[in-house]
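Letter by letter, the chains look like this.
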Amino acid sequence: MKIDKAKMVGWFSPLQLLRTGWEVAISTIFGKHADNRLLEAALNPNPKDLYYDLSNPENNSGDFWIDYVSDVGDGWNSTYTVAYYLSQPTLKLDAEETKRGNLLVFGGDEIYPTAKTESYKQKLVKPYQTAFPDKAVINSPIVFAIPGNHDWYDSLTSFKQIFCRKQPFAGWQTIQERSYFAVSLPHHWWLFGTDIQLSSLMDEPQLEYFKQVMKVVKKDPQARIILCNAEPYWIYSKVNENDNGNTQKAMEIFQGRILEGRVALYLAGDLHHYRRHENSLKKKHKIISGGGGAFLHPTHRQNVEKIGKNSIYDLKESFPDEVVSRQLCWQNLWFCWKNPWFGLVTGFLYLFNAIAYGLPSGDGFWTDLKITLVHTFTRDFALIWVLINLIGLFYFTDKNTKFYQRILTTIVHALFHFASLFTISWLFLKIFNGSSGGDSVNNYLLFKLMVLIFMGGYLVGSTLLGIYLLVTLNLFGWNQNEAFASLSIEDYKNFLRLKITEDELTIYPVGISKVSRNWKPGENGKSKLEPDDKKASLPQLIEEPIRIKRDEVLSEDPNKFSASEKKEEERIQALKKHEKKIEF
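Read on for a plain summary of the structure. Every value quoted in this text rests on a predicted model; they were computed, and no experiment measured them. (Residues numbered from 1 in each chain as written. Predicted model: local features only at pLDDT ≥ 70, side-chain atom pairs only at ≥ 80, totals over all residues. Heavy atoms only, no water.)

1. Some thoughts on the overall build of the protein
So, point 1. Secondary structure assignment for the protein yields 19 helices and 24 strands.
So, point 2. For the protein, with 584 residues in total, the buried portion stands at 57%.
So, point 3. Pairs at least 24 apart in sequence give 77% of the contacts found in the protein among residues at least 6 apart.
So, point 4. Of the accessible surface of the protein, which amounts to about 25800 Å², a share of 57% is contributed by carbon and sulfur atoms. (Helix = DSSP H or I, 4+ residues; strand = E, 2+ residues; numbered from the N terminus. Buried < 20%, exposed > 50% of the residue type's maximum accessible area, 1.4 Å probe, protein only. Contact = heavy atoms within 4.5 Å. Areas by Shrake-Rupley, 256 points an atom, 1.4 Å probe, with all protein chains shown as cover.)

See below:
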């Protein structure tokens, strides 16, 4: 069976960086002024169903299963491994026997790096069709999806074609009409999915939609909510130094004033690992499960042992654990090997800088260094290159650090590259016994020197960048995204399996430490391909199943929010009045 198997996205590939940067810039500009959600709400102001009712007697008579997966649509091996195990009718996890979900929820970022119809087909639709063909079952389970920022890069055009047209998605069936939804589940549970667009914004029609749904929810005093959000605001508001707190405040207003504190379980992706926080007093949980296929994110060097202000949540589990995460970061020593195309960038930068600063004579090291420094700060062209380098390194430095830290880090980073460039140039000239800028340097020697400086920049420059990422993350906790995007780790995937019974919600966090790299034709008549890799790991529980007794979950007092957050809500709405949006 021939399948076009996608590789993991090479985030440090120069062409990939240019394409992604351009598409992100364009979509961000137009997304803020042409919000597809507003058009969608205007064209369909009164949807046929306010919410989707899956709480029928047939489902109530037994257990109801939900599968949750987020951040999918990347490399074939990681995406298909998760899709394969999600699609199996049953899955044994240690001593627990679990069933495929009656409902599958995609929690955001269904494609990487940017949204295109062809990319969705190759990286999302094809893996899930192969794992769970549309004729594998008679009564298809249902699938819902919320978009993440990567889905928004084409203004949700491709996302809506797949998930909002009431057509089959592999062996599942889509029924949603908008990019957000509310689903009534058995045994007094509800599932809400929000759409926060590109900049953590929630539009006014969406807020009004959930207000109308809550009129139904409030009729049932036992009702509790599972809330799916594309981003874990509770983590970002904690770790981001530059976060002004509006994201968390606005979300608290939403879940407090509109949802009236009935949320028992918060689910999110965007960070590509598993992490669970618990409020033991209120019996509530906040879980990140972003391991559906995209590259792994680190779990170490983040101060998230405790999160929240009004309600404190304690960190209970991470996958992979911090020890493994720290060890994986050391792979950045092989940055040049893992990101071969990026070496072209550092190679050319070293070459251009060598031309700008002037070549040493190859005689005395310290004398040549002094001369080079004088040339660097007395030549206009050299000074321009110094500024370009510093600006570039400044913007590469973690934006969530303090300003003085960014300045110091930029200077140190630049000095290491300058020292590396000077040493490479001096050694090669010493070997060739050449001199800088004089008639004694013939064209052939100059060409050979330029080639060697480029090669030195390719190897040493990119290796220094890898060391920079290793040091800044493992010592200071900076560059969390860049330090692991460079590694494109396809292992340590995860998803959630939820079981709803009459009085309890059970969460099975499923981890796969090593995904399969080899595949063979399926023999069970269901999946077209199945794992054929002895080194691959079988799915296992990341931690013991989390059990939430519905009657033990404490609801918030909505009056508390209306009193304490009223001014903040009015301020945020005033800021967004011209856009008719509320900031998250």
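2. Some remarks on the pairing of strand β3 (residues 90-93)
So, point 1. Side-chain alternation along β3 places Leu 91 and Leu 93 on a buried face and Thr 90 and Lys 92 on a face that remains uncovered.
So, point 2. Relative to strand β4 (residues 96-99), β3 runs antiparallel, the two sharing 4 bridges. Across the sheet, Thr 90 pairs through a bridge with Lys 99, a residue of β4.
So, point 3. Count of turn residues in the β3/β4 antiparallel hairpin: 2 residues, of which Asp 94 carries a positive phi of about 55°. (Pairing = 2+ DSSP bridges.)

3. So, the sheet that holds strand β9 (residues 181-185)
So, point 1. One open sheet accounts for 9 strands, arranged β1-β9-β10-β12-β13-β15-β14-β17-β16; its pairing is mixed. With one partner strand each, in any of the chains shown, β1 (52-53) and β16 (306-307) form the two edges of the open sheet.
So, point 2. Bridging between β9 and strand β10 (residues 189-193) involves 5 bridges; their strand directions are antiparallel. When the bridges of β10 are listed, Ala 182 appears paired with Phe 192.
So, point 3. Contacts from helix α7 (residues 204-217) reach β9, β10 and β12 (224-229) within the one sheet, and its direction differs from that of β10 by about 180°. (Axes fitted to C-alpha atoms, helices over the stretch in contact; angles between N-to-C directions.)

4. Details of the nonpolar core
So, point 1. Core analysis: the largest hydrophobic core is formed by 57 residues, its most contacted members being Leu 103, Leu 185, Leu 191, Ile 226, Phe 484, Leu 505 and Ile 507.
So, point 2. When residues in this core are grouped by element, the largest group, 5 residues, is from helix α16 (residues 443-476).
So, point 3. In this structure, Tyr 84, Leu 86, Tyr 153 and Phe 169 belong to the second largest nonpolar core, which totals 44 residues. (Core = buried A, V, L, I, M, F, W, Y, C linked by side-chain atoms within 4.5 Å.)

5. So, helix α12 (residues 342-357)
For the α-helix, the turn length of 3.6 residues means that residues three or four positions removed from each other point alike.
So, point 1. Taking 1.5 Å per residue, 16 residues should reach 22 Å; α12 reaches 23 Å between its end C-alpha atoms and fits that length.
So, point 2. Of the positions making up α12, those classed as buried are Phe 342, Gly 343, Thr 346, Gly 347, Tyr 350, Leu 351, Asn 353, Ala 354, Ala 356 and Tyr 357.
So, point 3. Within two residues after α12, Gly 358 carries a phi angle of roughly 95°, on the positive side. (Expected span 1.5 Å × (residues − 1).)

6. Section: α7
So, point 1. Between its first and last C-alpha, α7 extends 20 Å over 14 residues, near the 20 Å set by a 1.5 Å rise per residue.
So, point 2. Among all positions of α7, only Gln 206, Leu 207, Tyr 209, Phe 210, Val 213, Met 214 and Val 217 are buried. Here the buried residues of α7 occupy an arc of 155° about the axis, which is enough to place them on one side. (Arc of directions from axis to C-beta.)

Note that every value here comes from positions in space, so none of it alone points to a role or purpose.
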